[in-house]
Amino acid sequence: MSRRSPFLTLLFALSAIALVVILMSHPQTSFEAALRGLKIWWEVVFPSTLPFIVLSEILMGVGVVHFAGVLLEPLMRPLFNVPGTGGFVLTMGFASGYPVAAKLTTRLREQGSVTQAEGERLVSFTTTGDPLFVIGAVAIGFFHSEQIGVVLAFSHYVSAVLIGLMYRFYAPYAPLSKPLEKNRLPLPLRALQAMHRARLRDRRPFGRLMGEAVQSALHTLLMIGGFIIVFSVLIQLFATINLTRFLSSLLAVLLGPLGLPPALSNGIIAGLFEVTLGAQAASEVPASVPMIWQAAIASAVISWGGLSVHAQVASILGQTDLRVAPYLLARAIHAALSAALTFLAWEPLTASSWFRGSSVPVFLPSTSGIPVMGWWDTLLHSGLIAVVILAALALLSLLVRLASRHQTH
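Residues numbered from 1 in each chain as written. Predicted model: local features only at pLDDT ≥ 70, side-chain atom pairs only at ≥ 80, totals over all residues. Heavy atoms only, no water.

## Observations concerning the side chain of T105
1) Next: Mapped onto the fold, T105 is located in helix α5 (residues 100–111).
2) Next: We classify T105 as buried; its relative accessible area is 0%.
3) Next: In this structure T105 touches V89, V114, G119, L122, V123 and L322, once residues within four positions along its chain are discounted. (Helix = DSSP H or I, 4+ residues; strand = E, 2+ residues; numbered from the N terminus. Buried < 20%, exposed > 50% of the residue type's maximum accessible area, 1.4 Å probe, protein only. Contact = heavy atoms within 4.5 Å.)

This is the structure we're talking about:
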């Protein structure tokens, strides 16, 4: 069926009219849901995402992304079939969560640093949840268990890397970005040289650079906030008219023969729309449901991301020629892989004495029902995670470079 089909136009129009009627018939519910979405955005998303978007824009302006591009080229190109600048996106995406990777990939595409196919590969495996959300909010805040946090983090990030390895074969005959110029300088010096040249080409004074970075971050975050509020209202309205309960019952019937506990169907439906609500619903099922199933569903929901995140990513990618379909396919594969890895890693990780011990709640209670940290703690922890990831990638890149030189000699 064509995307321009009159039937689809009529379907969208009727759906919009139905939503307006439901919205007008439940004004109090809609208002409370909008306030809840606004609170989530203000208390969780805004303080954790704003510093990273601003800092990433500044880092790109001063040439750090080009420094990372040269340094990580020997690692990113063979493994993921993307240029070395993709290592910067991977670092910031893994450390700060969705949709920062989409924003950075869009900026690289606008600068011509990645091709269309490379950008679609990159955003498909670097769009993940941040460690503070996966381990802190979900594992400790919802499940009250550090052990589950280790399992969720392992399954989530390992499956994301596996998606990157799979997507290196996506569009194999598409054009590649321009290879880096080679000279006899050592790799770290070449990286510094590329950073200095990029800064000279940018020419913006630091005050202007910082001002434009803040403006870009605020524009992106306002868009993200709008999507969060809209989807918060939609999810609450669907629950009010019992659509969520109907879909949960239908899913329980369909997946029951596969061994899925029926109580987890509500978490799957909620996670289809919004990642936080889905993970929370998976943690609130009766105690009779095995914990391994709860962790698997929570891992799948985190990797899927929810339609709210997908709408944010689609809006950001819409500024370029990057298509959303490869990203959505990657999210579905990511959800399935992370759930499977949860089952595989459950026994080895939870049985290890190294991860045993009592859980220490590090997140402060919030009136929104979502555990959150202070903005400074969020920035500090996420910044340290980004530094560790970037340092590890740089070390691997240097080792690959040395190994290749050894083989040539």
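## Side note on the packing of helix α2 (residues 27–61) against α5
1) Next: One way to put it is that α2 packs onto α5 with a least axis distance of 11 Å and a crossing angle of 20°. With respect to α5, the axis of α2 lies roughly parallel. The handedness of the crossing between α2 and α5 comes out as right-handed. Contact with α2, carried on its side by T49, I53, S56, E57 and M60, involves V100, K103, L104, R107, L108 and Q111 of α5 and no other residues of that element.
2) Next: Residues belonging to the contact of α2 with α5 are distributed by class as follows: five nonpolar, three polar and three charged. (Axes fitted to C-alpha atoms, helices over the stretch in contact; angles between N-to-C directions. Parallel < 35°, antiparallel > 145°, perpendicular 65-115°, else oblique. Left-handed = near helix turned anticlockwise from the far one by under 90°. Nonpolar A, V, L, I, M, F, W, Y, C, P; charged D, E, K, R; others polar.)

## Here we look at the packing of helix α7 (residues 131–142) against helix α8 (residues 146–167)
1) Next: For the pair α7 and α8, the least separation of the axes is 9 Å and the interaxial angle reads 140°. Note that α7 runs across α8; the crossing there is right-handed. When α7 is examined against α8, the residues P131, V134, I135, V138, A139 and I140 are found in contact with a partner set consisting of E146, I148, G149, L152, A153, H156 and Y157.
2) Next: Within the contact of α7 with α8, the residues separate by chemical class into ten nonpolar, two polar and one charged.

Geometric descriptors of this kind do not, in isolation, establish any biological role.
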